[in-house]
Amino acid sequence: MVGPMAMRTAPQITIAQITITHTTMTSDAAGLLTLSQWLSPAFPVSAFAYSGGLEAAVASGAVSDEAAVSDWIGAVVVAGAARNDAILLCLALRGEMAHPALADLACALAGSAERWRETYEQGAAFARTLAEMGRTLPAAPYPVALGIAARDLGLPDTLVAQLFLQAQVANLVSAAIRLVPLGQAAGQRIIAGLGEQIARVAAEAVVAGPDDLGSATLGAELAALEHETLPVRLFRS
């Protein structure tokens, strides 16, 4: 039968006609993909289980809306634990301090028992996962372990610090979405709004030394201590 309603036979394609193009990945791209994998929520360091005291701040009413969440996390990035962690990360990247001394310094900066468990247990989980992937890493608090591992990625220290800080912010925002609660769009606004602070602190961290470590976020430190006595807790810190 001829015409628009006639059945037509699909053309047959043989394996010989299929051309597969192989693209060689650059070292920069490979390093970036590896770092993105390590910082992904899917990488098993249990970052989702920690709020860094934010849960206690929400429970007390100190943090109750989008603006307060943004201010709280922004302060942690600019003058608190996230800034210290970024400096520790960069010190580990540069390898200017012996690993045991840097690990001890990171532990000493933890202002509470829960904060110590947060950084140490994440570092242990990170090292354990890498060991199962074929790479041995010394036990250390999370930013130190990550910095040591990232030395071989061939990435600029500033980029590593930026992505690390953004992952820290994203984790705190994820906690706030569940605690306050906030909508997903509000969470993304907070992350985007803190981009300038992330870039600035990362730039400072890559040239900072041990003497630049320190925290000025007393409220966040007290909240981390208060979290230990909360009667109902969703998070470990």
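Model, not experiment: these values are computed from the prediction.

K.L.:
Any chance you could explain the packing of aromatic side chains here in plain terms?
P.N.:
The geometry of two aromatic rings is summed up by the distance between their centres and the angle between their planes. Enumeration according to the criterion identifies five aromatic pairs in this entry. Ring geometry for Trp-38 versus Phe-126: centroids 5.5 Å apart, planes at 85 degrees, classification edge-to-face. Here Phe-126 lies in helix α6 (residues 113-132) and Trp-38 lies in helix α1 (residues 27-39), a separation of 88 residues in the sequence. One exposure class covers both Trp-38 and Phe-126, and it is buried. Relative to Tyr-120, the ring of Trp-116 lies with its centre 5.1 Å away and its plane at 5 degrees, an arrangement referred to as stacked. Of this pair, Trp-116 and Tyr-120 both sit in helix α6, four residues apart, roughly one helical turn. The partly exposed category is assigned to Trp-116, whose relative accessible area is 37%.

K.L.:
What is the right way to read the nonpolar core from this model?
P.N.:
Side chains of a nonpolar character, in soluble globular proteins, are inclined to be buried together. Residues Trp-38, Trp-72, Ile-73, Phe-126 and Leu-146 are the most contacted members of the largest nonpolar core, which totals 72 residues. Examining the composition of this core, we find that twelve residues originate from one element, helix α8 (residues 157-179), more than from any other. When residues no more than four places from it in sequence are discounted, the contact partners of Phe-126 are Trp-38, Phe-43, Val-45, Leu-137, Tyr-142, Ala-145, Leu-146 and Ala-149.

Calculation criteria
- Residues numbered from 1 in each chain as written.
- Predicted model: local features only at pLDDT ≥ 70, side-chain atom pairs only at ≥ 80, totals over all residues.
- Heavy atoms only, no water.
- Phe/Tyr/Trp six-rings, centres within 6.5 Å; stacked < 30°, edge-to-face > 60°.
- Helix = DSSP H or I, 4+ residues; strand = E, 2+ residues; numbered from the N terminus.
- Buried < 20%, exposed > 50% of the residue type's maximum accessible area, 1.4 Å probe, protein only.
- Core = buried A, V, L, I, M, F, W, Y, C linked by side-chain atoms within 4.5 Å.
- Contact = heavy atoms within 4.5 Å.

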